[in-house]
Amino acid sequence: MSDRFLFDSNVILDYLLQRSFPDSIKLYGQCLENGISILVSAAQLHTIEYVFLKQVKQDAPTQIGTAKLAFQAFLNEVSIVKTPVLIEKNHPLALRDMEDYLIEISAEAADVTIVTRDAGFVRLSKRCILTEQALAMLDEKRSLQASAKVAFLDLKAPHIEMRAELEAAFDRTLNSGWYILGNEVKQFEHEFANYCEAKFCVGVGNGLEALHLILRAYGIGEGDEVIVPSNTYIATWLAASHAGATPIPVEPDERTYNIDPALIEAAITPRTKAIIAVHLYGQPADMDAINAIAKTHNLKVIEDAAQAHGARYKGIRVGTLGDAAGFSFYPGKNLGALGDGGAVTTNDPVLADKVRVLSNYGSRVKYYNEVKGYNSRLDELQAAFLREKIKKLDEWNGRRKAVAAEYLKLLADADIVLPFVPEWADPIWHLFIVRNAERDQLQKKLSDAGIGTMIHYPVPPHLQQAYSEAGYTKGQFPIAERLANQVLSLPMGPQLSVKQVGGVCEIFTKAV
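Residues numbered from 1 in each chain as written. Predicted model: local features only at pLDDT ≥ 70, side-chain atom pairs only at ≥ 80, totals over all residues. Heavy atoms only, no water.

**Student:** I tried to follow the overall build of the protein chain on my own but got confused; where do I start?
**Tutor:** A count of helical and extended segments in the protein chain gives 20 helices and 19 strands. The buried share of the protein chain, taken over its 512 residues, is 53%. Sequence-distant contacts, at least 24 apart, represent 68% of the contacts inside the protein chain between residues at least 6 apart. If the 53 positive side-chain charges of the protein chain are averaged to one point and the 62 negative ones to another, these points end up 2 Å apart. (Helix = DSSP H or I, 4+ residues; strand = E, 2+ residues; numbered from the N terminus. Buried < 20%, exposed > 50% of the residue type's maximum accessible area, 1.4 Å probe, protein only. Contact = heavy atoms within 4.5 Å. Lys, Arg positive; Asp, Glu negative; His and termini not counted. Charge placed at Lys NZ, Arg CZ, Asp CG, Glu CD.)

The structure is reproduced here in structure tokens:
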């Protein structure tokens, strides 16, 4: 059930005027007590205010000033949903009651249930229920919460939290008349560069293309080798392959899951041109050690920061810890768009310029192409959404840290390997990973109890069919393979409550 209801005017007026409809008053109060958002269509406000003040003026004229304050308090308690621009004038609801129809289409836009006392409204509406049904739904919700069912990831909740800001961003972009490489992208690039404490940011199509374009801009391609972690999502390897280079895997530090600097030098050959360091699960890699090796061998260092928006290494944000960094704004990321998106950050003006040209067909000026480029541009609308969401990023990362702290406390004695955080790392907990030798059985037990989990990642890149031509065999990278067989991601996100974490941990400790 959604944590939101859109109340019909009659239910709101029952509450404001304390009329003899106890279900309306009880429902309104329970929503306020339990954090259930009360929504009102903008189309209702005039009617509610007019009827409320008229009734108070008639019954108690000396209380009109108090009533106006009460109406203002009501506005502070509810969220107002705008009415969609286009309406269907011959819709059955519109023919019966235009205000009901406007409430209906507002509820459709917000994807919420309408609560009313009007049985006729219920008969004609796709999403309308009576007050007594809403009260029953609240009881059912409490029962479900008591059973501790928790999804692995809730992508809807953060966007509902920011609905007003995201709708404003959409309207701003729609009204601008400019939908590719416009002001929203330009402003986001500036804002994200500042956030990452970098001099330059270039928006691109996605995280894979961010890494690929960095390699291309550095002239890395056919005949070259790029050092990559053996334990990572395949996109890190694909970036090197798409550039024409060969990815050379290096095993991770089994405590941090990130590439082990102590093993890098053994993988360097005369053809090695770069190291891609992944900040896996939101925890930064050991960049000082990696940079020292790169400097000795004259290699470029590229951060794969797809999961690490806002993480810090020795107090410095990821994104400027190497020569350049690639970010993803896939919806599930800590800073996620409502579609695909990516960015390159760097302090290198030449690199930034080359990435910008390569990402736009190899062109600085329309129809004049300097090189054979690509079409990889951050969408104007996604940039507008990201501009709003970046304002919440530190707050949401803080919530993730609180969730991780609760997990670490409550699972300290469980028969699992918990995440290890070096003293120089400030992770942002994109994922919360635990390890257990009986991972698959554990996952099934949790699933049966209503706890959502995921495996990141069940098959390491060297064993994927996509890299079969490289001739890697099982057992060649044992740490990556062991992790692939043991890691399990627990529910994580900024909307996860401490109470939910407690429920997950209670079930988890019984399952291991």
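**Student:** Explanation requested: the pattern of salt bridges in the structure shown.
**Tutor:** Where charged atoms from two side chains of opposite charge come close, those side chains can pair. Scanning the entire structure with this criterion turns up 34 salt bridges. The partner of Glu161 in a salt bridge is Arg399, and the shortest N-O contact between them spans 2.8 Å. A residue pair is termed long-range when its members are at least 10 positions apart, and Glu161 in helix H9 (residues 156-161) and Arg399 in helix H17 (residues 393-410) qualify at 238 residues. A salt bridge links Glu370 to Arg364, with the nearest nitrogen and oxygen atoms 2.6 Å apart. Residue class for Glu370 comes out partly exposed when judged on its relative accessible area of 47%. Here the salt bridges share partners, and the residues they tie into one network are Arg172, Glu184, Glu191, Arg387, Glu388 and Lys391. (Salt bridge = Lys/Arg side-chain N within 4 Å of Asp/Glu carboxyl O.)

**Student:** Explain the nonpolar core to me, please; I cannot follow it from the model alone.
**Tutor:** Generally speaking, soluble globular proteins have nonpolar side chains that are buried together. Within the largest apolar cluster, 44 residues are counted, with the highest numbers of intra-cluster contacts made by Phe188, Phe192, Ile264, Ile290 and Phe329. Secondary structure elements with two or more residues in this core: helix H11 (183-195), strand E8 (246-250), strand E9 (272-278), helix H14 (287-297), strand E13 (324-328) and helix H16 (380-389). Counting residues per element, this core draws most heavily on H11, which supplies 5 residues. Not counting residues up to four positions away in its chain, the partners in contact with Phe329 are Phe188, Phe192, His309, Leu335, Gly336, Ala337, Gly339, Gly341, Gly342, Ala343 and Leu386. Core analysis: the second largest hydrophobic core is formed by 28 residues, Ala217, Ile276, Ala324 and Val344 among them. (Core = buried A, V, L, I, M, F, W, Y, C linked by side-chain atoms within 4.5 Å.)

**Student:** Just to check I follow, could you spell out helix H18 (residues 439-448) for this structure?
**Tutor:** Every α-helix carries 3.6 residues per turn, so stepping three or four residues along brings you back to the same face. Along H18, the positions that sit buried rather than exposed are Arg439, Leu442 and Leu446. Seen from one end, H18 has its buried residues packed into an arc of 65°, which puts them on one side. Summarising the geometry of H18, the exposed residues directed more than 90 degrees from the buried face are Lys444 and Asp448. The elements touched by buried residues of H18 are helix H19 (478-486), strand E19 (487-490) and helix H20 (498-511). Downstream of H18 by a residue or two, Gly450 has a phi angle that is positive, lying close to 90°. (Arc of directions from axis to C-beta.)

**Student:** I keep staring at the environment of Ser9 and nothing clicks. Help me out?
**Tutor:** Examined against the element boundaries, Ser9 turns out to sit in helix H1 (residues 9-17). When the C-alpha positions of Ser9 and Ala308 are compared, they lie 45 Å apart, and in sequence the two are 299 residues distant. Beyond its immediate stretch of four places on either side in the chain, Ser9 contacts Gln44, Ile48 and Glu99.

**Student:** Looking at this structure, I do not really get the side chain of Glu225. What am I missing?
**Tutor:** Along the chain, the position of Glu225 falls in strand E7 (residues 225-229). Reaching out from Glu225, the side chain makes a polar contact with the side chain of Thr269 at a distance of 2.7 Å. The residues touching Glu225, leaving out its near neighbours within four places in the chain, are Thr246, Ile248, Thr269, Arg271, Thr272, Lys273 and Ala274. (Polar contact = N/O pair within 3.5 Å; in protein donor to acceptor, adjacent residues only side chain to side chain.)

**Student:** How should the sheet that holds strand E14 (residues 342-346) be read in this particular structure?
**Tutor:** Strands in a sheet are paired, the pairing made by backbone hydrogen bonds, and the direction either parallel or antiparallel. On the basis of which strands lie adjacent, the open sheet formed by 7 strands has the order E6-E14-E13-E10-E9-E7-E8 and mixed pairing. At either end of the open sheet lies a strand with only one pairing partner, and these are strand E6 (200-204) and E8. Neighbour-to-neighbour, the strand axes of this sheet turn through a mean angle of 25°, independent of strand direction. Across 5 bridges, the pairing between E9 and strand E10 (residues 300-304) is parallel. Counterpart to Ala277 in the pairing with E10 is Glu303. Along the sheet face, helix H13 (residues 235-242) touches E7, E8, E9 and E10 and points at about 175° away from the line of E7. (Pairing = 2+ DSSP bridges. Axes fitted to C-alpha atoms, helices over the stretch in contact; angles between N-to-C directions.)

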